Amino acid sequence: MNKIKKNILLGFLLLSTICIAQTIDNPILQRQDFKNTTNNTVTVTNYKKGNTNYLYAGGDSGTIDVFSIDKAGTLTAVSNHKLTNDKGPARGLVADSVDGKDYLFVGNKGANAVEVFKIQNDGSLNRVFVVNDTDQTHLGVVITLQVVHMKQSSYLFVGGLEDNPGLSSFKINSNGSLTHIQSQKDDDKIHTDGIIGMFTHKIKDKTFLYTGGFQDNGVSSFRVYENGTFKNINNIDDNTTDRYLTGTYPVTGITLGGNHYVVVGHRHHKYYKRGNFIKKKDFVYHGDAVSVFKINNKGALIPHSTLIDDDKTMLSGQTRIEILRISDKEAIVAVGTRDDESIQLCKLDAAGILTPLHYLKTGYPIYYGLSSLKIDENLFFVAGSVRFDTKKLVSYKVSPENTNTNGKVLRHIVNLKFKENTNEKEVSEALSTFENLKNKIPEIQNLEWGLNDSTEGHSKGFKYCFTITFKDVHAREIYLFHEAHLQLVSKVGPLLEDVFIMDYWTKE
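Residues numbered from 1 in each chain as written. Predicted model: local features only at pLDDT ≥ 70, side-chain atom pairs only at ≥ 80, totals over all residues. Heavy atoms only, no water.

Caption draft 1: Up close: the nonpolar core. Formed by 42 residues in total, the largest nonpolar core has its most connected members in Phe381, Phe418, Phe434, Leu437 and Tyr479. Once residues lying within four places of it in the same chain are set aside, the contact partners of phenylalanine 418 are Val427, Ala430, Leu431, Tyr464, Val492, Leu495, Leu496 and Glu497. Grouped together as the second largest cluster of nonpolar side chains are 17 residues, Leu256, Ile321, Ile323 and Leu354 included. (Core = buried A, V, L, I, M, F, W, Y, C linked by side-chain atoms within 4.5 Å. Buried < 20%, exposed > 50% of the residue type's maximum accessible area, 1.4 Å probe, protein only. Contact = heavy atoms within 4.5 Å.)

Right, here's the structure in full:
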């Protein structure tokens, strides 16, 4: 065997080994960390700058929170930045590199504007440009952004919502400024009314953009040209039988085994209480599903497969879909939901078939706030709560299922040490509030507590011990982010000198 063939073979074996090493049998999500944000965290994205991975979270407070995340999934707050005129909420968040400079592009929904921030060496932000909506663009109630790189230039595609929907293209200049290239107003043919998801495929040196229309219930494909202009290719409409595009929401995609796929979710209009918000009120509900479209060489969308929600999945109200590649033939797909308040894991194979794996009940609803990233060999999903009383960012690691928990219950042990200046009434009220959690959180199977009676001298000042029993990890997650528990933490936390928590699985 000559040297060239030997090196090729060694390279192939190494690649195969890496792919096999990345494969996780029966994966589940394990919460690693959570941190408070200033936002009702609606949207999240990530970006690697140097050797550090950063997270950018936006929400209804009109600010962007910046966190770093390490290989253990630990979150560390970096900085906080206000949007223009303290407006908001932030919706579209996209981080990318243009001409060797790193930028965060932000859709400022409340200001009908797109803001451009330069990402500093420490991950913090410096605003460099703002473009406001005009009669020629469709930035009103801006929701979604997508960066498209061509051979000579890069472009930012923007989707609007409600009053003046459509699709716009802007050239991204080296200094971060944006130059308007083309806008196309929504019509009865294309699906650009309420673009909440966009994705780009490059096929045989051609670039294609895919959009979902939340209001007009469908998906569209566009050819993007070198100068940033675009042209519609084909459109797939919703129906009342085998398509699930009412309230088209997240749009993403991947290439596996040489096949190009676009994965589309939806939050059905029936889930919206604001009736005047929905333009087409004659919708029919026949279930929830995630749709997979195969892309042909012309960039057209071809209906391919669906994963239909049932009593074993959590797919009601899909608001974000994130994909992590495991190998050239397999990917893990995470579906974030607002109405099921969960993250459903699925496997997508090279044949374009979605298979449900495990789900995790998060205990809070997800809107656009779900981001995927790989750090070393670890796979993470980071979610943000859209509930106003949580304002948290949560990291989850993709891990093998722990089968040792089958047939067992989960004990959650909380030991409390109050500050010396805490008076008896404050302690009594705190203990009573803690005990009353069992009456407010149905997921608590059992709760008992007592005063430390150890005489060994190793209690380290911890005086009160609570033991809570959950039937599974879903119950623990719901408890952790439940309003009653958050109120307890807020009320009792300032009284504590320390708290010590441990969990374990046991036979009931």
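Here the narrative resumes.
Caption draft 2: Representation of the sheet that holds strand β26 (residues 370-375). The antiparallel open sheet is built from four strands, whose spatial order is β1-β28-β27-β26. Bordering the open sheet on either side are β1 (27-36) and β26, each of which pairs with just one other strand. Each strand of the sheet is rotated relative to its neighbour by a mean of 25°, with strand direction disregarded. Strand direction decides the pairing type here: β1 and strand β28 (residues 392-400), joined by nine bridges, are antiparallel. Among the inter-strand pairings, leucine 29 is bridged to a residue of β28, identified as valine 398. (Pairing = 2+ DSSP bridges. Helix = DSSP H or I, 4+ residues; strand = E, 2+ residues; numbered from the N terminus. Axes fitted to C-alpha atoms, helices over the stretch in contact; angles between N-to-C directions.)

Caption draft 3: Quick peek at the environment of lysine 329. Secondary-structure assignment places lysine 329 in the loop between β22 (318-327) and β23 (330-337). Residue lysine 329 is classed as exposed on the basis of its relative accessible area of 58%.

Caption draft 4: Molecular detail of the pattern of salt bridges. The final tally for this structure, using the stated rule, is eleven salt bridges. The partner of aspartate 33 in a salt bridge is lysine 35, with the nearest N and O atoms 2.6 Å apart. The exposure class assigned to lysine 35 is partly exposed, which follows from its relative accessible area of 28%. A salt bridge links arginine 91 to aspartate 60, with the shortest nitrogen-to-oxygen separation between them at 3.7 Å. Remark: aspartate 60 occurs in the loop between β3 (52-59) and β4 (63-69) and arginine 91 occurs in strand β6 (residues 90-98); sequence separation between them is 31 residues. Assessed through its relative accessible area of 33%, aspartate 60 is described here as partly exposed. (Salt bridge = Lys/Arg side-chain N within 4 Å of Asp/Glu carboxyl O.)

Caption draft 5: Representation of the pairing of strand β24 (residues 342-349). Counting buried residues in β24 gives six out of eight residues, a clear majority hidden from the surface. Note: β23 against β24, eight bridges, orientation antiparallel. Paired with threonine 337 across the strands is serine 342, a residue of β24. Between the antiparallel neighbours β23 and β24 lie four residues, among them glutamate 341 with a positive phi of about 50°. Where β24 lies against strand β25 (residues 354-361), six bridges are found, and the strand directions are antiparallel. Counterpart to leucine 348 in the pairing with β25 is leucine 354. Adjacent in sequence and paired antiparallel, β24 and β25 are bridged by four residues, among which glycine 352 carries a positive phi angle near 80°.

Caption draft 6: Representation of the layout of surface pockets within the structure. Size it by volume and the largest pocket reaches roughly 1000 Å³. What lines the largest pocket is a set of 38 residues, and nearest its centre among them are Thr45, Phe199, Thr252, Arg320 and Glu322. Taken together, the elements giving at least two residues each to the lining of the largest pocket come down to β2 (41-49), β6, β10 (144-149), β14 (195-203), β18 (248-256), β22 and β26. At seven residues, the largest contribution of residues to the lining of the largest pocket is made by β22. A per-class count over the lining of the largest pocket returns 19 nonpolar, twelve polar and seven charged. (1 Å grid on protein atoms, 1.4 Å probe; cavity = no way out; pocket = protein on both sides within 12 Å on 5 of 7 lines; lining within 4 Å. Points joined across faces, edges and corners; volume = space filled by probe spheres on them. Nonpolar A, V, L, I, M, F, W, Y, C, P; charged D, E, K, R; others polar.)

Caption draft 7: Focus on helix α4 (residues 473-480). Summarising burial for α4: seven of the eight residues are buried, a large majority. Here α4 starts with a cap whose side-chain oxygen sits 3.2 Å from the backbone nitrogen of histidine 474, and that cap is aspartate 472. (Polar contact = N/O pair within 3.5 Å; in protein donor to acceptor, adjacent residues only side chain to side chain.)

Caption draft 8: Focus on unusual backbone geometry. In the Ramachandran plot, asparagine 112 falls in the positive-phi region, its phi being about 50° despite a non-glycine side chain. Mapped onto the elements of the fold, asparagine 112 is located in the loop between β7 (101-108) and β8 (113-119). A positive phi angle, close to 50°, is found at glutamate 341, a residue other than glycine. Among the residues examined, glutamate 341 registers a relative accessible area of 28% and is labelled partly exposed.

The values are spatial; any link to function lies outside them.
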